[in-house]
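Here is how the chains run, residue by residue.
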Amino acid sequence: MLSRFIDAAGVAPGWLAAAAAGVAVVSYCLGCFNGAVVVSRYLLRNDVRSHGSGNAGLTNFYRVFGGPLTLVVILSDVVKAVLAVLFAAFIAGHISPELVALSKYWAGTFCLLGHMYPCTFQFRGGKGILSGGAIAIMMGFDSGNPWSWCIPVVVWGGFLILAVATKYVSLGSCWAGFSFPFVSWFVYRDPLILLLSVIVGGLILWKHRGNIVRLVKGTESKFSLHKKKAQPAAGEGGAAPGAEEASAPDPEPEAAGEPEPAPETAATSKDEEDKA
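Here goes a summary of the coordinates provided. Note that this is a predicted model, so its numbers are computed, not measured.

When you go through the chain residue by residue, the secondary structure sums to 14 helices and zero strands. If you list the helices and strands of the chain from N to C, you get α-α-α-α-α-α-α-α-α-α-α-α-α-α. A buried classification covers 39% of the 276 residues belonging to the chain. Sequence separation of 24 or more characterises 66% of the internal contacts of the chain that already satisfy a separation of 6 or more. When the accessible area of the chain is evaluated, it comes to approximately 15,500 Å², of which 67% is carbon and sulfur surface.

Rendered as structure tokens:
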């Protein structure tokens, strides 16, 4: 039994495959709209992936640019995930109500793939926490399962507690990826939903593999609401900090050299006296 939801729906395999393919394509394309890349490249004319950690996500965007455009990044990454899940639920609801829960996981998986590996931006996307968090919240709205609220509570609750307590956003993100398959299995007990949730959680952990190494080594950067002032790199709009001071001439040697013409003047005066 691949999934009890598919068995209960009783839909012809051909129609089911066509609907699944359509939802997958639409969800992936929605995921390819990366807010951090779009805002930084086309509004700020400065690709966020060339700064900071190089990640096309909310945290790196805020650290590099900050400002009100951060809200645009948040909205874009949340809205695309919500639209993908709603589209899948709409299609599944017209085929069979039994497929709605499964369709949400299906759409969420491909939306996250589009966010992380967008074909529109050289397959260099974000780490999926904001979009993944929006997907987890959407999973909590399931009238057919009274325990669906556990998914966003466990995922977001653990994320917020760890991120606030330690100031390591990546630690909370790792919790979200790790806990998502377990809470999904607790709520649905369905093999296919478990498989899709493992893929989602695994993708998030894989994208954070560098953060995990830095957490273990104790070199991971902590998040702060106060954005650090950007320091222009040499050759990019200005010299690096300290370069101006290093290149400026030292005034002391110049001042020390001022009395040097004095002996020459004295010698000239003596010659004039001899001539006189």
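Right, let's get into unusual backbone geometry. Even without being a glycine, Phe 123 presents a positive backbone phi close to 60 degrees. Within the secondary structure, Phe 123 is located in the loop between α6 (100-116) and α7 (129-139). Of note in the backbone geometry, Arg 189 takes a positive phi value of approximately 50 degrees without being a glycine. Mapping Arg 189 onto the fold places it in the loop between α9 (169-188) and α10 (191-207).

By size, the foremost hydrophobic cluster in this structure holds 29 residues, and its most contacted members are Tyr 105, Ile 151 and Tyr 188. Where this core is concerned, the elements lending two or more residues are α5 (69-95), α6, α7, α8 (150-166), α9 and α10. Excluding anything up to four places from it in sequence, Tyr 188 contacts Arg 4, Phe 5, Ala 101, Tyr 105, Met 139, Asp 142, Asn 145, Ser 148, Ile 151 and Ile 193. Core analysis: the next-biggest nonpolar cluster, separate from the first, contains seven residues, Val 39, Val 64, Phe 65 and Val 73 among them.

Considering all chains together, one arrives at four salt bridges under this definition. Close ionic contact of Asp 47 with Arg 49 constitutes a salt bridge, the shortest N to O distance being 2.8 Å. Asp 77 serves as the salt-bridge partner of Lys 80, at 3.6 Å between the closest nitrogen and oxygen. A residue pair is termed a helical-turn pair when its members lie 3 or 4 positions apart in one helix, as Lys 80 and Asp 77 do in helix α5 at three residues. By the burial criterion, Lys 80 is buried, and Asp 77 matches it. By sharing partners, the salt bridges in this structure join Arg 41, Asp 47 and Arg 49 into a single network.

Moving on: the packing of α6 against α7. When two helices pack together, their arrangement is given by the angle between the helix axes and by the axis-to-axis distance. Two elements in contact, α6 and α7, have axes whose closest approach is 10 Å; the angle formed by their N-to-C orientations is 170 degrees. Relative to α7, the element α6 lies roughly antiparallel. Contacts between α6 and α7 involve Lys 104, Tyr 105, Gly 108, Leu 112 and His 115 from the former and Ser 131, Gly 132, Ile 135, Met 138 and Met 139 from the latter. For the contact of α6 with α7, a count of residues per class yields five nonpolar, four polar and one charged.

Okay, the packing of aromatic side chains next. Inspection of every chain in the model, using the stated rule, returns nine aromatic pairs. Ring geometry for Phe 61 against Phe 65: centres 5.2 Å apart, planes inclined by 50 degrees, an arrangement best described as tilted. For the pair shown, Phe 61 and Phe 65 are each scored as buried. A ring pair is formed by Trp 106 and Phe 110, whose centres lie 4.9 Å apart and whose planes are at 55 degrees; its orientation type is tilted.

As a further point, take α8. Here α8 contains 17 residues, and its C-alpha end-to-end distance of 24 Å stays within 8% of the 24 Å for a straight helix at 1.5 Å per residue. Along α8, the residues that are buried comprise Cys 150, Ile 151, Pro 152, Val 155, Gly 158, Phe 159 and Ala 163. Contact partners of the buried residues in α8: α6, α7 and α9.

Analysis parameters
- Residues numbered from 1 in each chain as written.
- Predicted model: local features only at pLDDT ≥ 70, side-chain atom pairs only at ≥ 80, totals over all residues.
- Heavy atoms only, no water.
- Helix = DSSP H or I, 4+ residues; strand = E, 2+ residues; numbered from the N terminus.
- Buried < 20%, exposed > 50% of the residue type's maximum accessible area, 1.4 Å probe, protein only.
- Contact = heavy atoms within 4.5 Å.
- Areas by Shrake-Rupley, 256 points an atom, 1.4 Å probe, with all protein chains shown as cover.
- Core = buried A, V, L, I, M, F, W, Y, C linked by side-chain atoms within 4.5 Å.
- Salt bridge = Lys/Arg side-chain N within 4 Å of Asp/Glu carboxyl O.
- Axes fitted to C-alpha atoms, helices over the stretch in contact; angles between N-to-C directions.
- Parallel < 35°, antiparallel > 145°, perpendicular 65-115°, else oblique.
- Nonpolar A, V, L, I, M, F, W, Y, C, P; charged D, E, K, R; others polar.
- Phe/Tyr/Trp six-rings, centres within 6.5 Å; stacked < 30°, edge-to-face > 60°.
- Expected span 1.5 Å × (residues − 1).

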